[in-house]
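What follows is each chain in one-letter form.
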Amino acid sequence: MHLLHTHGRLFVLQNSRTIDFEGEQCTCWRIELANQSGDSREIDIEFRGVTKRYDEVVAVDDVSLTVERGSFFSFLGPSGCGKTTSLRLIAGFDQPTEGDVFIGGASVVGIPPHKRPVNMVFQQYALFPHMDVSENIGYGLRQRDPKPTKQEIAKRVDETLEMVRLSGYGKRRVWELSGGQQQRVALARALINRPTCLLLDEPLAALDRKLRREMQIELQTLQREVGITFILVTHDQEEALSMSDRICIMREGQIIQSGSPRELYDEPINRYVADFVGKTNFFSGEVIDVGDPDITVKSNSGQVFVGPQPKGAPLLVSGSKACIAVRPEMISMSTTAETINGNDIAIQGRVMNRIFLGEHSEYLIATEEYGDVLVLSPKSIESMNRSFAPGDNISISWRPEAVLVLGDT
Ligand code: ATP
């Protein structure tokens, strides 16, 4: 079987036979558009039971996943969890030890990188210093066989420069560009070959915080404009949350949970995911009763909490270790004299620290029962009420429905 990538589509060539055409022996193939499953959600990338071992190290461990065509998908996880290896398996720089990788419905195992309809943008841009911006961007086209004409290359380079908002920069040397502009050249160089999927390995890591934020918005806009699948590798949860349609959270080579940013934030299946996606307060304890849907947990300090487990989480059993998760923005602060709604969980605390972060302030509250509790207070609330200062004795409270019961792993 062979793959043919043309007109932005991947075709499968199979069942070859030799025919005699006017005295010449020709090879004839049956050609099918890849991924004709009839599923309305077109799957661009698929892993089926993929494992990648480097000697003793299992970098990717029996991973199965699908990435929808035209979506923005991210691999998120700490250093060494197998994100880059997963990307390299899609790009073809590595081959799986076990399992199968599909692009557009066709297996690509054994197919070299340059024959796959994907392109990769690296963290260190890898631009050619001896070429100007246009030459860098047109590089991929000049390597093609047959090579497009000079006019075609120039036209495509101009279109791609416009796509990444760098029109007029074609004759600049790459060292004369800012970090963000160099990043856009790297993107343009990867896009000019019109891949069906763009692979981005920590593409914004070298940029400062403000530029990173700007480029996150630009990348998201670009992805919507060009409509191709983007697969991002990052350990920055804010980056993944702000740009992705779907995120896959990895740990030690395995997928722990995948879903939309909101699903992962609101329904993390365990402590690891909740901790990785956003900030959370965790109060450890033990399950004392399992109801439907609510689980009762006694915290290590003796408090009893009742709350549901997130959808899809492995069911907890009585006696197992669990934790209560409360997001810091779900916690209110008030002076001890103020009344608190009847059912709310309220505890006394003392303000230890306040960090002003622009749109909100982050407070660290010391409590006897739970240790230090993080509270996020939006600016709108702070300007209506008075804000609190280190040393203030206050009450913190949250509504019972703010509580999630999670497995303590
Ligand atoms: P980071 O965010 O630090 O880039 P990552 O999640 O992308 O990490 P990978 O680069 O995929 O992680 O590595 C996963 C594991 O595989 C790590 O333990 C790493 O040391 C190991 N590994 C990766 N490449 C190789 C290799 N070529 N040879 C041996 N081990 C490797």
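Residues numbered from 1 in each chain as written. Predicted model: local features only at pLDDT ≥ 70, side-chain atom pairs only at ≥ 80, totals over all residues.

1. Looking at helix H1 (residues 83-91)
Reasoning step 1: Among the 9 residues in H1, 7 count as buried, and that is most of the element.
Reasoning step 2: The set of residues buried in H1 consists of Lys-83, Thr-85, Ser-86, Leu-87, Arg-88, Leu-89 and Ile-90.
Reasoning step 3: Positive backbone phi, at 95 degrees, marks Gly-92, one or two positions downstream of H1. (Buried ≥ 20, exposed ≤ 12 C-beta atoms within 10 Å, placed from the backbone. Helix = DSSP H or I, 4+ residues; strand = E, 2+ residues; numbered from the N terminus.)

2. Overview of the sheet that holds strand E13 (residues 254-259)
Reasoning step 1: Here 6 strands make up an open sheet; going across it, the order is E9-E10-E11-E6-E12-E13 and the pairing mixed. Among the strands making up the open sheet, the edge pair consists of strand E9 (118-121) and E13. The average angle at which neighbouring strand axes cross in this sheet is 20 degrees, direction not considered.
Reasoning step 2: Bridge count for strand E10 (residues 197-201) against strand E11 (residues 229-234) is 5 bridges, and the pairing is parallel. In the strand pairing of E11, Cys-197 is matched with Thr-229.
Reasoning step 3: In this fold helix H4 (residues 179-191) packs onto E9 and E10, with an angle of close to 165 degrees to the strand it touches most, E9. (Pairing = 2+ DSSP bridges. Axes fitted to C-alpha atoms, helices over the stretch in contact; angles between N-to-C directions. Contact = placed C-beta atoms within 7 Å.)

3. Section: the sheet that holds strand E8 (residues 106-107)
Reasoning step 1: Taken in spatial order, the 4 strands of this open sheet run E5-E4-E7-E8, and their pairing is antiparallel. Pairing within the sheet leaves two strands with one partner each, and these edge strands are strand E5 (57-68) and E8.
Reasoning step 2: Relative to strand E7 (residues 98-103), strand E4 (residues 43-54) runs antiparallel, the two being bridged by 5 bridges. Bridging from a neighbouring strand, Arg-48 pairs with Asp-100 of E7.
Reasoning step 3: Its contacts with the sheet place H1 against E4, E5 and E7, and it is angled at close to 60 degrees to E5.

4. A short note on the pairing of E9
Reasoning step 1: Burial along E9 is two-sided: Val-118 and Met-120 facing one way and Asn-119 and Val-121 facing the other are all buried.
Reasoning step 2: Sheet analysis places E9 next to E10, joined by 4 bridges and oriented parallel. Bridge pairing in E10 links Met-120 to Leu-199.

5. Here we look at the nonpolar core
Reasoning step 1: Counting 93 residues, the largest nonpolar core has Ala-188, Leu-198, Leu-199, Ile-231, Ile-249 and Ile-324 as its most contacted members.
Reasoning step 2: It is H4 that provides the largest number of residues to this core, a total of 6 residues.
Reasoning step 3: The residue makeup of this core includes at least three contributed by each of domain 2 (43-259) and domain 3 (271-409).
Reasoning step 4: Excluding residues within four positions of it along the chain, Ala-188 makes contact with Ile-137, Thr-160, Leu-161, Met-163, Val-164 and Leu-166. (Core = buried A, V, L, I, M, F, W, Y, C linked by C-beta atoms within 7 Å. Domains from an automatic or database assignment.)

6. Section: the site of the ligand
Reasoning step 1: Around the ligand, the surrounding shell consists of Tyr-54, Val-57, Ala-59, Gly-77, Ser-79, Gly-80, Cys-81, Gly-82, Lys-83, Thr-84, Thr-85 and His-235.
Reasoning step 2: Among the secondary structure elements, those contributing two or more residues to the shell around the ligand are E5 and H1.
Reasoning step 3: Broken down by element, the shell around the ligand gets its largest block of residues, 3 residues, from H1.
Reasoning step 4: Residues belonging to the shell around the ligand are distributed by class as follows: 4 nonpolar, 7 polar and 1 charged. (Near = placed C-beta within 6 Å. Nonpolar A, V, L, I, M, F, W, Y, C, P; charged D, E, K, R; others polar.)

7. Some words on the environment of Val-287
Reasoning step 1: Relative to the helices and strands, Val-287 resides in strand E14 (residues 281-290).
Reasoning step 2: Along the chain, Val-287 and Val-304 lie 17 residues apart, while their C-alpha atoms are 9.7 Å from each other.
Reasoning step 3: In this view, Val-287 contacts Ile-295, Val-297, Leu-316, Val-317, Ser-318, Gly-319, Ser-320 and Ala-322; residues no more than four positions away in its chain are not counted.

8. So, H4
Structural remark: α-helix, 3.6 residues per turn; residues separated by three or four positions point the same way.
Reasoning step 1: Relative to the 18 Å expected for 13 residues at 1.5 Å per residue, H4 spans 18 Å between its end C-alpha atoms, a close match to the ideal helical length.
Reasoning step 2: For H4, the tally of buried residues reaches 10 of 13 residues, placing the bulk of the element in the interior.
Reasoning step 3: Residues of H4 that are buried include every one of Gln-182, Gln-183, Arg-184, Val-185, Ala-186, Leu-187, Ala-188, Arg-189, Ala-190 and Leu-191, and no others.
Reasoning step 4: Contacts made by the buried residues of H4 are with E9, helix H2 (133-142), helix H3 (150-163), E10 and helix H5 (209-226). (Expected span 1.5 Å × (residues − 1).)

9. Examining unusual backbone geometry
Trans is the common state for peptide bonds, and a negative phi is the common state for residues other than glycine.
Reasoning step 1: Between Asp-292 and Pro-293 the backbone carries a cis peptide bond, its omega angle lying at 10 degrees.
Reasoning step 2: Mapped onto the elements, Pro-293 comes out in the loop between E14 and strand E15 (294-299).
Reasoning step 3: Of note, Asp-55 is a non-glycine position whose phi angle comes to about 50 degrees, a positive value.
Reasoning step 4: Mapped onto the elements of the fold, Asp-55 is located in the loop between E4 and E5.

10. What to know about the pairing of strand E21 (residues 371-378)
Reasoning step 1: In terms of strand pairing, strand E20 (residues 360-367) meets E21 through 8 bridges, oriented antiparallel. Its bridge partner being in E21, Ser-361 is matched across the sheet by Ser-377.
Reasoning step 2: With antiparallel pairing between neighbouring strands as the criterion, E20 and E21 make up a hairpin whose turn holds 3 residues.

11. A word on the packing of H2 against H4
A pair of packed helices can be characterised by two numbers: the angle between their axes and the separation between those axes.
Reasoning step 1: Axis separation between H2 and H4 bottoms out at 7 Å; the angle between their running directions is 30 degrees. Taken as axis vectors, H2 and H4 run roughly parallel relative to one another. Seen along the crossing, H2 lies across H4 with a hand that is right-handed. Contacts between H2 and H4 involve Val-133, Asn-136, Ile-137, Tyr-139 and Gly-140 from the former and Val-185, Ala-188 and Arg-189 from the latter. (Parallel < 35°, antiparallel > 145°, perpendicular 65-115°, else oblique. Left-handed = near helix turned anticlockwise from the far one by under 90°.)

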